[in-house]
Amino acid sequence: MVSSEGLSGSTPPVAVPVEQYGVTKPISMAGPTEADIQRSRELEKFLVEAGLYDSEEETAKREEVLGRIQDIVTDWVKQLTRLRGYTGQMVEDAKAVILTFGSYRLGVHGPGSDVDTLCVGPSYVNREEDFFFVLHNILAEREEVTELQPVPDAHVPVMKFKFDGISIDLLYASISLLVVPQDLDISDVSVLYNVDEPTVRSLNGCRVADQILKLVPNAEHFRTTLRCLKFWAKRRGVYSNVTGFLGGVNWALLVARVCQLYPNAVPIMLVSRFFRVFTQWRWPNPVMLCAIEEDELGFSVWDPRKNPRDRTHLMPIITPAYPCMNSSYNVSASTLRVMTEQLKYGNNICEEIQLNRVKWSALFEPYLFFESYKNYLQVDVVAADANDLRAWKGWVESRLRQLTLMIERVTYGKLQCHPYPHEYVDASKPCACCAFFMGLQRKQGEIVQEGQQFDIRGSVDEFRHSVSMYMYWKPGMEIHVSHIRRKQLPAYVLPDGYKHPRNPRVTPHHQSDKLSHNNHIACTESGGKCLKRKKDPEGENSEHSKPEKRLNLDDEMNGVAEGNASSNFSTISSCSNEDIGNESSEGSNGGDNGSIEGSTIPASSRSDSCDADSKSSLEDEHADHNRVFEDGLQKELEPNAAVGVVLKSMNEADSETVQNTVISRLNLTSTA
């Protein structure tokens, strides 16, 4: 089940001659010590015990399901070929090919994970009608297919469903061939001839996965390390591309880059180096596994010198297959801050593990999101039934990133948002509903001016308006946006038997001192009336669907703002600016700087993150991003970058231009 390749034997592997993987030479060719080999075995044992590997039965079932889907799409293409009057030989030769990508193709899938699949069909079978209508109807008639959900207007059009209990995400790509060969080489650039942009994006999932496996020195070590770090990211709340964090392909590319920098390292070393490297990485310097090349096909590639939009990317992680794109364009200033803090947390824990002070389980302690902030936005999502809710909540979740950007923009980056990538369900309610939450805090180091307000009512209304544009809206689909304080969190988001934390450091005297300031955050709250379809602006549905109003967020607070928001169905509440000023977004074990009791983050990491947060305003950050490539590719990046960039065959660049890696100030070569 778990490969121990490279971990057995009584002596460390002999270092091979220096070979360059990726765009720069390795940082270290050092192999593992006996202690590293033993710790790697312990790590793999921990991952197995954590239930991250499929059983043999589930593995066999996935393969069986993929085989049955292959039969279905082959019959589907033959049926269309016959209907369109092709010859008998064409009908006999007609086929579609099912390929996998994502975690399944990389070999890091686990129990319950979905299988990302791509159906490649001939040129005369299209996506709009044949895939999303004909094949959809074929699947809908099969009893083993449940939860069928087409998403034709997604950035990468997809059909989601469960086949005999196995979750499937199915994409479609029509290539410019009349007959699709069974041994189709998806890595060959010729598959991109005469196809549109959505087809390129669909094909590139498989092409990127194949390239990653080709570009890492040791695929088994890569898989173990990636499996570990995906588990860590989910436990720490930073695994979600849709809400502005990183998804599966992003984490895979980061891990692959560390594997290139330490080609002889075993997983325990790679996990430690991962946190050390990316704690010190100077974003927006890009992470790349290979040179970016332009091809005669003319598709746009990531190039901040030519594309102004690329200059605004905060955390570029570039895909290795043509056309090379930034896979992490969803990252915002707020989510980058959260990820930076969590990487520091991971680095500190890994140092403790190396010193045998803590066990591996310490790295995977869950992030205590609901102890980390004093103020939250709660977004309640309601639908008529479970099927409608599945589509509606997916749409709302995809727009949460826009709400984060709106709040960052209107407050000039001074109010930070932390969208939490988990949904919560109140089992006591009979209706189909769920909720998402965002933590709010003032940017660390910001000076509070008397009378200053963070008024985000317009941002919330703008968010609700964008959500109302959902193309597939149905009656009963509603959202409610509320501003709540920590002590008002609903019980269903907290562990069983857990009580709302009380901060022992806040005395009545301190509380009255804080409330004496007139600094507020004004937030739209839709507890009184909920979001309706734009043609139903008065919210005329029955009262029983409305959540409890939260007009006074805290009985002890004064200065509650009152007035009308930009929508006709909003009530307004406010909270003290000071109350959202000093809480740590990571939590702590106790006492200083407004940290929340009960978390596990080391104090040193907390202070580092505060220093990083106060370095510059949002405008300064964007100005820095625009300067990175203003003179073409620089010869050297900042001393802590540990990054190299090569762009070949660019119209405006010398093919020999190489960004040198400067790593002299990185202490990354020790095996500790």
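Computed from a prediction, not measured in an experiment: that's the story for all the values here. (Residues numbered from 1 in each chain as written. Predicted model: local features only at pLDDT ≥ 70, side-chain atom pairs only at ≥ 80, totals over all residues. Heavy atoms only, no water.)

Before going further, it helps to spend a moment on the sheet that holds strand S9 (residues 432–442). Judged by pairing direction, the sheet is antiparallel, and its four strands sit side by side in the order S8-S9-S7-S11 without closing on themselves. The two strands at the open ends of the sheet, each matched to only one other strand, are strand S8 (415–419) and strand S11 (478–485). Recorded for the sheet is a direction-independent mean angle of 25° between the axes of neighbouring strands. Note that strand S7 (residues 375–383) and S9 share nine bridges and pair antiparallel. For Asp 380, the partnering residue across the bridge sits in S9 and is Ala 435. Contacts from helix H11 (residues 386–410) reach S7, S8, S9 and S11, with the element oriented near 150° to S7. Sheet contacts for helix H12 (residues 457–467): S7 and S11; angle to S11, the most-contacted strand, approximately 155°. (Pairing = 2+ DSSP bridges. Helix = DSSP H or I, 4+ residues; strand = E, 2+ residues; numbered from the N terminus. Axes fitted to C-alpha atoms, helices over the stretch in contact; angles between N-to-C directions. Contact = heavy atoms within 4.5 Å.)

With that settled, consider the packing of helix H7 (residues 219–235) against helix H8 (residues 248–261). Running from N to C, H7 and H8 cross one another at 135°; their axes reach a closest spacing of 10 Å. By the angle between their directions, the pair H7 and H8 is classed as oblique. Judged by the twist between their axes, the crossing of H7 over H8 is right-handed. Across from Phe 222, Thr 225, Leu 226, Leu 229, Trp 232 and Ala 233 in H7, the residues of H8 making contact are Trp 251, Ala 252, Val 255, Ala 256 and Cys 259. Looking at the contact of H7 with H8, its residues break down into 10 nonpolar, one polar and no charged. (Parallel < 35°, antiparallel > 145°, perpendicular 65-115°, else oblique. Left-handed = near helix turned anticlockwise from the far one by under 90°. Nonpolar A, V, L, I, M, F, W, Y, C, P; charged D, E, K, R; others polar.)

The buried fraction of strand S1 (residues 97–101) is high, at four of five residues. Here five bridges tie S1 to strand S2 (residues 115–121), and the two strands are oriented antiparallel to one another. What sits directly across from Leu 99, in S2, is Leu 118. (Buried < 20%, exposed > 50% of the residue type's maximum accessible area, 1.4 Å probe, protein only.)

Burial analysis of S8 places five of its five residues in the buried class, the great majority of the element. Here S8 shows a buried face lined by Leu 415, Cys 417 and Pro 419 and a second buried face lined by Gln 416 and His 418. Where S8 meets S9, five bridges bridge the pair, whose relative direction is antiparallel. Paired with Pro 419 across the two strands is Met 438, which belongs to S9.

This part covers the nonpolar core. Phe 222, Trp 232, Phe 274, Phe 278 and Leu 363 are the most contacted members of the largest nonpolar core, which has 94 residues in total. Shared between two domains, this core holds at least three residues of each, these being domain 1 (21–50 + 217–367) and domain 2 (53–215). With sequence-adjacent residues up to four places away left out, Phe 274 is seen in contact with Leu 229, Trp 251, Leu 254, Val 255, Val 258 and Leu 343. Judged by nonpolar contacts, the second largest core, of 30 residues, contains Val 65, Ile 69, Cys 119 and Phe 163. (Core = buried A, V, L, I, M, F, W, Y, C linked by side-chain atoms within 4.5 Å. Domains from an automatic or database assignment.)

A word on the sheet that holds strand S3 (residues 145–151). Strand pairing in a sheet relies on backbone hydrogen bonds, with the paired strands running either antiparallel or parallel. Read across the open sheet, the five strands follow the order S1-S2-S5-S4-S3; overall the sheet is mixed. The strands lining the two open edges of the sheet, one partner per strand, are S1 and S3. Each strand axis lies, on average, 25° off the axis of its neighbour in the sheet, ignoring direction. Where strand S4 (residues 158–163) and strand S5 (residues 166–174) come together, five bridges link them in antiparallel fashion. Bridging across to S5, Phe 161 finds its partner in Ile 168.

For the rest of this paragraph, the subject is the confidence of the model for the protein chain. The predicted model of the protein chain has a mean per-residue pLDDT of 77, with 70% of residues at 70 or higher. Of the regions scoring below 50 in pLDDT, residues 1–10 engages in 25 contacts with residues more than four places distant in sequence or in other chains. (pLDDT = per-residue confidence, 0-100.)

The periodicity of an α-helix, 3.6 residues per turn, causes residues three or four places apart in sequence to face the same way. An ideal rise of 1.5 Å per residue puts 20 Å on 14 residues; helix H5 (residues 127–140) reaches only 17 Å between its terminal C-alpha atoms. Buried residues along H5 sit against helix H2 (56–83), S3, S4, S5 and helix H6 (197–215). Taking the backbone nitrogen of Glu 128 as reference, a side-chain oxygen 3.4 Å away marks Asn 126 as the first, capping residue of H5. (Expected span 1.5 Å × (residues − 1). Polar contact = N/O pair within 3.5 Å; in protein donor to acceptor, adjacent residues only side chain to side chain.)

This next bit is on the pattern of salt bridges. Throughout the structure, instances matching the rule amount to 23 salt bridges. The salt bridge involving Lys 160 is made with Asp 169; its shortest N-O contact spans 3.3 Å. Assessed through its relative accessible area of 32%, Lys 160 is described here as partly exposed. Among the ionic pairs, Asp 461 bridges to Arg 464, the shortest N-O distance being 3.2 Å. (Salt bridge = Lys/Arg side-chain N within 4 Å of Asp/Glu carboxyl O.)

Following Trp 283, the chain continues to Pro 284 via a peptide bond in cis, the omega torsion being 15°. With omega at -10°, the peptide bond leading from Tyr 322 into Pro 323 counts as cis. Among the structural elements, Pro 323 can be located in the loop between strand S6 (292–293) and helix H10 (333–354). Positive phi values are uncommon outside glycine, yet Glu 147 reaches one of about 55°.

What follows is about the packing of aromatic side chains. Within the structure shown, the criterion is met by 31 aromatic pairs. Ring geometry for Trp 232 and Phe 275: centres 4.9 Å apart, planes at 75°, overall edge-to-face. Here Trp 232, found in helix H7, pairs with Phe 275, found in helix H9 (residues 267–280); they are 43 residues apart in sequence, far enough to count as distant. Judged by its relative accessible area of 1%, Trp 232 is buried. Judged by relative accessible area, which is 0%, Phe 275 ranks as buried. Ring geometry for Phe 369 versus Tyr 376: centroids 5.4 Å apart, planes at 70°, classification edge-to-face. The same class applies to Phe 369 and to Tyr 376, which are both buried. Three or more aromatic residues joined by ring pairs make a cluster, and in this case those are Tyr 367, Phe 369, Phe 370, Tyr 373, Tyr 376, Tyr 420, Tyr 424 and Phe 437. Stacked on the ring of Tyr 53, the Lys or Arg Arg 227 has its end atom at 4.0 Å from the ring centre. The positively charged end of Arg 236 is found above the aromatic ring belonging to Tyr 345, 3.7 Å away from the centroid. (Phe/Tyr/Trp six-rings, centres within 6.5 Å; stacked < 30°, edge-to-face > 60°. Lys NZ or Arg CZ within 6 Å of the ring centre and 35° of its normal.)

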